[in-house]
Amino acid sequence: MNQNVYVMHNAFPSKIAVAIFALLWLSPAAAEISVTHPRHYATPPKRVTTQPAAIPHGKTRLPPIRPGVIFRSDESLGEGNWNLDKELSKLCRDGKFVQKRDRRYVAVLKGQIYGAATASRQTLSDPQGFAVPDNIYVFRSQGTTRCRVYHRGDRIEPG
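The rules behind these values
Residues numbered from 1 in each chain as written. Predicted model: local features only at pLDDT ≥ 70, side-chain atom pairs only at ≥ 80, totals over all residues. Heavy atoms only, no water. pLDDT = per-residue confidence, 0-100. Helix = DSSP H or I, 4+ residues; strand = E, 2+ residues; numbered from the N terminus. Disulfide = S-S within 2.5 Å. Buried < 20%, exposed > 50% of the residue type's maximum accessible area, 1.4 Å probe, protein only. Pairing = 2+ DSSP bridges. Axes fitted to C-alpha atoms, helices over the stretch in contact; angles between N-to-C directions. Salt bridge = Lys/Arg side-chain N within 4 Å of Asp/Glu carboxyl O.

Caption draft 1: Broad picture of the confidence of the model for the protein. Per-residue confidence for the protein averages 75 on the pLDDT scale, and 59% of its residues sit at or above 70. Within the protein, helix H3 (residues 86-93) carries the highest mean pLDDT (93), whereas helix H2 (residues 28-34) carries the lowest (56).

Okay, structure coming up:
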C-alpha cells in the first residue's frame, strides 16, 4: 500500500498542473487575456498638421506669393542706365545686402524677371546702410556665390 501512495503522490502534481493549465486555457477569462484587445488594432487618430507629409516633386513648401513688379522696361540689364556694382555684389554674396524675401518684388527687363528692391526696409536687408533712397536695385542669382547687384543711376557712398 505504501508503494501505491508513493506512485500516486508522484503523479499527483503533474496531473494537477495539467488540469489547472487546461482549466485556465479553456476559460473565457483566459481567452480574453491571450488575445490582443481590439483597440490595439484600431487605426490611430489623424494628426492635424499644417505642412504636407511629403513635398511633391518640383513644389515648394511655401505657397507662391504673387510678386510685386516695381520696375518694367524694354531695355535689358546690360543696356541703358543699369550699372553693375561690384561692392554691393560682394555684400550680396555674403548675405549682407539682399532682398528680404527672394523675388517678392521684381523688375521685368526685356521679358526677363529679376529680383528687385528699393532702399526701404520692407524690401531690402541692408544692415550697413549702403542703399540710396530712390534707387532701384536688381538682383541676379541672389543666394548664390554668383550674386550680382545692378542699380540705376549713381550710387552715393554712405556717410
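Back to the write-up after that little detour.
Caption draft 2: Examining the state of the cysteines more closely. Taken as a whole and judged by the stated rule, the model has one disulfide. Here Cys92 is linked by a disulfide to Cys147, with a sulfur-sulfur distance of 1.8 Å. On the sign convention where negative is left-handed, the bridge of Cys92 and Cys147, at about 80° about the S-S bond, is right-handed. Of this pair, Cys92 sits in helix H3 while Cys147 sits in the loop between strand S7 (137-140) and strand S8 (148-152), and the two are 55 residues apart along the sequence. Exposure class is identical for Cys92 and Cys147. Each is buried.

Caption draft 3: Region of the structure containing the sheet that holds strand S2 (residues 82-84). A sheet is described by the order of its strands in space; here six strands give the open sequence S1-S4-S5-S7-S8-S2, paired in mixed fashion. Both edges of this open sheet fall to strand S1 (68-73) and S2, since each of them pairs with a single strand only. Each strand of the sheet is rotated relative to its neighbour by a mean of 35°, with strand direction disregarded.

Caption draft 4: The arrangement of the pattern of salt bridges in detail. Under the defined criterion, the tally for this structure stands at two salt bridges. Where Glu75 meets Arg152, a salt bridge forms, and the shortest distance between an N and an O atom there is 2.8 Å. Residue Glu75 is located in the loop between S1 and S2, and its partner Arg152 is located in strand S8; the two are separated by 77 residues in the primary sequence. Here Arg152 falls in the partly exposed class, since its relative accessible area comes to 23%. Across the pair Lys90 and Asp94 runs a salt bridge, and its minimum N-O distance is 3.3 Å. By relative accessible area, Lys90 is classed as partly exposed at 48%.

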